[in-house]
Amino acid sequence: MKILHVSLTDAEGGAAIAMQRLHQQLLNNEVESLILTMNKKTADATVLYVPDLYNSTDRIHRFCDKVIHRITKKKYKSYIYSILERIDFDVLHLHWIEDDYGDMLSWFDLKSLRIPIVVSLHDCVNFTGGCHYYYCYGFRKNCINCPVERYHKISNKQFCFKKKWYSILRPYFVAPSRWMQTIAQKSQLLSNSIVDFIPHGIDTNVFRMIPKDTAREILGYKKDDIILLAGAVSI
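This report concerns the structure included in the present document. Worth saying up front: this structure is predicted, and the values here are computed from it rather than measured.

**What about the pattern of salt bridges?**
No. 1: Per the counting criterion, the structure on display carries two salt bridges.
No. 2: Residues Lys 2 and Asp 88 are paired through a salt bridge, measuring 2.3 Å at the closest nitrogen-oxygen approach. One end of the pair, Lys 2, is in strand β1 (residues 2-9); the other, Asp 88, is in the loop between α3 (81-85) and β4 (91-96), with 86 residues separating them in the sequence.
No. 3: Here Lys 41 makes a salt bridge to Glu 12, at a shortest N to O gap of 3.8 Å. Of this pair, Lys 41 sits in the loop between β2 (32-39) and β3 (47-49) while Glu 12 sits in the loop between β1 and α1 (14-28); the two residues are 29 residues apart in sequence, bridging distant segments of the chain.
No. 4: Residue Glu 12 is classed as partly exposed on the basis of its relative accessible area of 47%.

Now the structure itself:
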């Protein structure tokens, strides 16, 4: 089986890091795996950089898309479908395909591939009208009257767009946690889709379970010390 992972970048951000770990695990288990990206940050030969794969026709399409965007302010069309046709793979695994100008790869293009599609739920955007983390429970119905001002006018439009293409393409969704799986299954968009729980893999040579007393000793804490663990996007 040959798997092609698609992501806007191959190394920056949580989605890319999770994708890289999965990719390496597949290679370590002798599964053929490739990454296709628009923003290559590594020297990995198994990571394909879209601009390196351009032919003359692709370059013309890319130039035209830029001109159209400058004039109309419309989102770019997907211009990598012809590249996908030149890559040999059996399963397409989508990780993060959105950028400021639209999707790196459009759902419309995927219709013609006729292969299994897997989508990793790195956040909530795939089952909401646009929220990467939901601010209400509108995604359980239709994402109308979004409380987030910038999504207010487009949330339902995006919601309906996804609903249409999910029903056509029938992708398989993967949640990295039980929490994400439960939330996704309660959404209107994924209520009839397969949403499997597959946790992110980690390098057990680096991260491994050890007795708590041993961990406290290594970190310099006493056995009866109270430890408070907190997390934040930034401090």
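**Focus: the pairing of β4**
No. 1: β4 sits mainly inside the fold: five of its six residues count as buried.
No. 2: Examined bridge by bridge, β1 and β4 share five bridges and lie parallel to one another. When the sheet's bridge partners are listed, His 5 is paired in β4 with His 93.
No. 3: In this sheet, strand β7 (residues 117-120) lies alongside β4 in parallel orientation, the contact comprising three bridges. Each residue of the ladder has a partner; that of Leu 94, found in β7, is Val 119.

**Overview of the packing of aromatic side chains**
No. 1: Summed over all chains, the structure comprises eight aromatic pairs.
No. 2: Between Tyr 166 and Phe 173 the ring centres are 5.1 Å apart and the planes differ by 70°, which places this aromatic pair in the edge-to-face class.
No. 3: Judged by its relative accessible area of 3%, Tyr 166 falls in the buried class.
No. 4: Joined through ring pairs, the aromatic side chains of Phe 127, Tyr 133, Tyr 134, Tyr 137, Phe 139 and Trp 179 make up one cluster.

**Quick word on the pairing of β2**
No. 1: Sheet topology places β1 next to β2; seven bridges connect them, and they run parallel. For Val 6, the partnering residue across the bridge sits in β2 and is Leu 36.
No. 2: For the handedness criterion, the β-α-β arrangement of β1, α1 and β2 is classed as right-handed.
No. 3: Where β2 lies against β3, three bridges are found, and the strand directions are parallel. From the neighbouring strand, Thr 37 faces β3, where its bridge partner is Tyr 49.

**A few points about unusual backbone geometry**
No. 1: A positive phi angle is found at Cys 143, which is not glycine, with a value near 55°.
No. 2: In this fold, Cys 143 is placed in the loop between β7 and α5 (155-169).
No. 3: Here Cys 143 falls in the buried class, since its relative accessible area comes to 10%.
No. 4: Of note, the phi angle at Arg 170 is positive, near 50°, even though the residue is not glycine.

**Some remarks on a nonpolar patch on the surface**
No. 1: A surface patch of nonpolar side chains, about 510 Å² in accessible area, is lined by Ile 210, Ile 218, Leu 219, Tyr 221 and Ile 227.
No. 2: Mapped onto the elements, Ile 227 comes out in the segment after α7 (212-219).

**Points about the nonpolar core**
No. 1: Counting residues in hydrophobic clusters, the biggest one holds 40 residues, and the most contacted among them are Leu 36, Leu 92, Leu 94, Leu 110, Leu 121, Phe 127 and Leu 190.
No. 2: Ranked by the residues each element gives to this core, the list is headed by α5, at four residues.
No. 3: Apart from residues lying up to four places away in sequence, Phe 127 is in contact with Leu 121, Phe 139, Met 180, Ile 183, Ala 184, Ser 187, Leu 189 and Leu 190.

**Things to note about the sheet that holds β1**
Strand pairing in a sheet relies on backbone hydrogen bonds, with the paired strands running either antiparallel or parallel.
No. 1: Within the open sheet, the seven strands sit side by side as β3-β2-β1-β4-β7-β8-β9. Their pairing is parallel. Taken across any chain shown, the strands that pair with only one partner, and hence form the sheet edges, are β3 and β9 (195-197). For this sheet, the mean angle separating the axes of adjacent strands, direction not counted, is 25°.
No. 2: Where β7 lies against strand β8 (residues 172-175), three bridges are found, and the strand directions are parallel. Within the sheet, the bridge partner assigned to Val 118 lies in β8 and is Tyr 172.
No. 3: Contacts from α1 reach β1, β2, β3 and β4, with the element oriented near 160° to β1.
No. 4: Across the sheet, helix α6 (residues 178-185) lies against β8 and β9, angled at about 165° from β9, the strand it touches most.

How each quantity is defined
- Residues numbered from 1 in each chain as written.
- Predicted model: local features only at pLDDT ≥ 70, side-chain atom pairs only at ≥ 80, totals over all residues.
- Heavy atoms only, no water.
- Salt bridge = Lys/Arg side-chain N within 4 Å of Asp/Glu carboxyl O.
- Helix = DSSP H or I, 4+ residues; strand = E, 2+ residues; numbered from the N terminus.
- Buried < 20%, exposed > 50% of the residue type's maximum accessible area, 1.4 Å probe, protein only.
- Pairing = 2+ DSSP bridges.
- Phe/Tyr/Trp six-rings, centres within 6.5 Å; stacked < 30°, edge-to-face > 60°.
- Right-handed = clockwise from strand over helix to strand, strands pointing away.
- Patch = residues over 30% accessible without salt bridge, like charges linked within 9 Å, V, L, I, M, F, W, Y side chains within 5 Å.
- Areas by Shrake-Rupley, 256 points an atom, 1.4 Å probe, with all protein chains shown as cover.
- Core = buried A, V, L, I, M, F, W, Y, C linked by side-chain atoms within 4.5 Å.
- Contact = heavy atoms within 4.5 Å.
- Axes fitted to C-alpha atoms, helices over the stretch in contact; angles between N-to-C directions.

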